[in-house]
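Read off the chains here:
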Amino acid sequence: MKISRRKLLLGVGAAGVLAGGAAVVPMIRREGRFELVQSRVSAVAGTEGALPKSADAVIIGAGLQGIMTAINLTERGMSVVICEKGVVGGEQSGRAYSQIISYKTSPEIFPLHHYGKILWRGMNEKIGAETSYRTQGRVEVPSSEQDIEVARAWIKNAAENPGFDTPLHTRMIEDAELEKRLPDAQTPWKIGGFEEDSGSLDPEVVTPAMANYAKSIGVKIYTTCAVRGIETAGGKISDVVTEKGAIKTSNVVLTGGIWSRLFMGNLGIDVPTLNVYLSQQRITGVPGAPKGNVHLPNGIHFREQADGTYAVAPRIFTSSIVKDSFLLGPKFMHLLQGGELPLEFSIGKDLFNSFTMATSWNLDEKTPFEEFRTATNTPNNEHLDGVLERLRNEFPVFKESKVVERWGGTVSPTDDELPIISEIKEYPGLVINTATGWGMTESPASGELTADLLMGTKPVINPHPFRLSRFTE
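Residues numbered from 1 in each chain as written. Predicted model: local features only at pLDDT ≥ 70, side-chain atom pairs only at ≥ 80, totals over all residues. Heavy atoms only, no water.

A. Structural detail: the layout of surface pockets. Empty space within the largest pocket amounts to approximately 730 Å³. For the lining of the largest pocket, the secondary structure elements donating two or more residues are β2 (34–36), α8 (260–265), β16 (276–283), β20 (317–320), α9 (323–332) and α10 (349–356). Its residues assigned to classes, the lining of the largest pocket comprises 14 nonpolar, eleven polar and seven charged. Approximately 260 Å³ is the volume found for the second largest pocket. As for the second largest pocket, its lining consists of 14 residues, of which Lys425, Glu426, Leu468, Ser469 and Thr472 are closest to the centre. (1 Å grid on protein atoms, 1.4 Å probe; cavity = no way out; pocket = protein on both sides within 12 Å on 5 of 7 lines; lining within 4 Å. Points joined across faces, edges and corners; volume = space filled by probe spheres on them. Helix = DSSP H or I, 4+ residues; strand = E, 2+ residues; numbered from the N terminus. Nonpolar A, V, L, I, M, F, W, Y, C, P; charged D, E, K, R; others polar.)

Written out as structure tokens, the structure reads:
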């Protein structure tokens, strides 16, 4: 069974498929499971000493979304504290594929991506440090004649009014220009979409760089400091309760990634997301290898890193069947319609664990966040071996490349493929920023939008498509 990347990573409607019984059995893959892992990013020292008694804003989660939001709020004059259950960028913010693109994104998401690309281009200068960002250029070869027409139409529409006083730099390329971007390719590719101003980031570099910049402008980051919940007084937020004590505040931002659904569930708020797994690897560069960022329809996806190595992703997604699959699966069923990227299902230890993990707790009790300080899925070596073989067959120059490292990553998308960047009406003063499958591209723009929502200022981007209430309206 296949599912399109434009359908967002997602076979997460596994529960609905379970109703088909035997149809699921051939898709079961047991490699890849959720467990405690080591962070990929270099250590960022947490703020020392006791928690402050109060802050203008408290951010839950020290991934890139939380860090970018903290920077925006601090630059607007607020005192900001980040509380992180584990280490800075220990989960998906150190594990992303990290291409900075806007190509073929939906009209709702495009402004986040287009503006995000603009902000990333000036980031090294802004923070006075190396983030690993560079404008790289990206080729995506269409998978069919129909896909070519879709690409042409997208380029035409997006070019009419991209916004932010910055034109669209995306076009179709053919013949010699395409061959130059794909040297040594064994397939005679005829046409490709070329996003000239796409960029690239190495997550293990950019996340600690941005965290250190945040600290330099006054953001306090407390690691190994899980937030258990929030308290209210007079119908408004009054305190954030952590395992190390409480912080008085009237403003809270949740950037909890895959943990956001669990955290909000304890507050009685449903965040309808489901986890999907992916695997990544990094290989050594070799002379004569194609440069930049490449996406081919025969299952080859790679991105040149700043140090000359290559991130190589199989783009095969695994939905591990868990309790939430049965609760939310029907909402995701419309995504299981076929497409260009494979989806597999897994059933095993994750299913058992999902029924034993606490989903509610008192604020004086230990939470799952304290049990899973840094956690994600293990990589699927079958998937990684497969994409490496395809890469070497298509570009023989890569036969000399060696695997440097392999890792897994987990994201929690929504059934409509849009992030949640939203105020929570039941808790005035609480904003959540979660459920993105494109966190690296979006984080500068979504961090600014989140700050706008928290402070009640005119949003830089229309937040309406990202409101949480869309799921119940």
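B. A look at the pairing of strand β18 (residues 300–304). The element β18 is extensively covered by neighbouring structure, given that five of its five residues are classed as buried. With burial as the criterion, each face of β18 is covered, one bearing Ile300, Phe302 and Glu304 and the other bearing His301 and Arg303. As defined by bridge partners, strand β17 (residues 293–296) adjoins β18 across four bridges and the pair is classed as antiparallel. For His295, the partnering residue across the bridge sits in β18 and is His301. What sits between the antiparallel neighbours β17 and β18 is a turn of three residues, in which Gly299 has the positive phi angle 80°. By the bridge criterion, three bridges tie β18 to strand β19 (residues 310–312) in an arrangement that is antiparallel. Bridge pairing links Phe302 to Val312 in β19. The hairpin formed by β18 and β19 contains five residues between the paired strands, and Gly308 there has a positive phi angle of roughly 90°. (Buried < 20%, exposed > 50% of the residue type's maximum accessible area, 1.4 Å probe, protein only. Pairing = 2+ DSSP bridges.)

C. How the structure looks around the pattern of salt bridges. The tally for this structure, following the rule as stated, stands at 28 salt bridges. Across the salt bridge formed by Asp197 and Lys117, the nearest N and O atoms sit 2.9 Å from each other. On the criterion of sequence distance, the pair formed by Asp197 in the loop between β9 (191–195) and β10 (199–200) and Lys117 in helix α3 (residues 110–121) is long-range, its members being 80 residues apart. Given the relative accessible area of 7%, Asp197 is considered buried. (Salt bridge = Lys/Arg side-chain N within 4 Å of Asp/Glu carboxyl O.)

D. Quick peek at the sheet that holds strand β25 (residues 430–434). Pairing in this open sheet of six strands is mixed, and the strands run β11-β4-β3-β15-β25-β24 from one edge to the other. If you trace the sheet from one side to the other, it starts and ends with β11 (220–222) and β24 (420–423), each paired once. Sheet twist, expressed as the average angle between the axes of neighbouring strands with direction ignored, equals 15°. Direction of pairing for strand β3 (residues 57–60) relative to strand β15 (residues 252–254): parallel, over a ladder of three bridges. Counted as the bridge partner of Val58 is Val252 from β15. (Axes fitted to C-alpha atoms, helices over the stretch in contact; angles between N-to-C directions.)

E. View of helix α7 (residues 203–216). Along its 14 residues, α7 runs 20 Å from first to last C-alpha, staying within 8% of the 20 Å computed at 1.5 Å per residue. Counting buried positions over the 14 residues of α7 gives ten, a clear majority of the element. Those residues of α7 lying buried are Pro203, Glu204, Val206, Thr207, Pro208, Ala209, Met210, Ala211, Tyr213 and Ala214. Where α7 ends, the next residue or the one after it, Gly218, has phi of about 115°, a positive value. (Expected span 1.5 Å × (residues − 1).)

F. Structural detail: the side chain of Thr436. Summarising the element assignment, Thr436 is placed in the loop between β25 and α13 (439–455). The buried category is assigned to Thr436, whose relative accessible area is 17%. Separated by 3.4 Å, the side chain of Thr436 and the backbone nitrogen of Gly439 make a polar contact. When neighbours within four sequence positions are excluded, Thr436 is seen to be in contact with Gln65, Val411, Pro419 and Glu442. (Polar contact = N/O pair within 3.5 Å; in protein donor to acceptor, adjacent residues only side chain to side chain. Contact = heavy atoms within 4.5 Å.)

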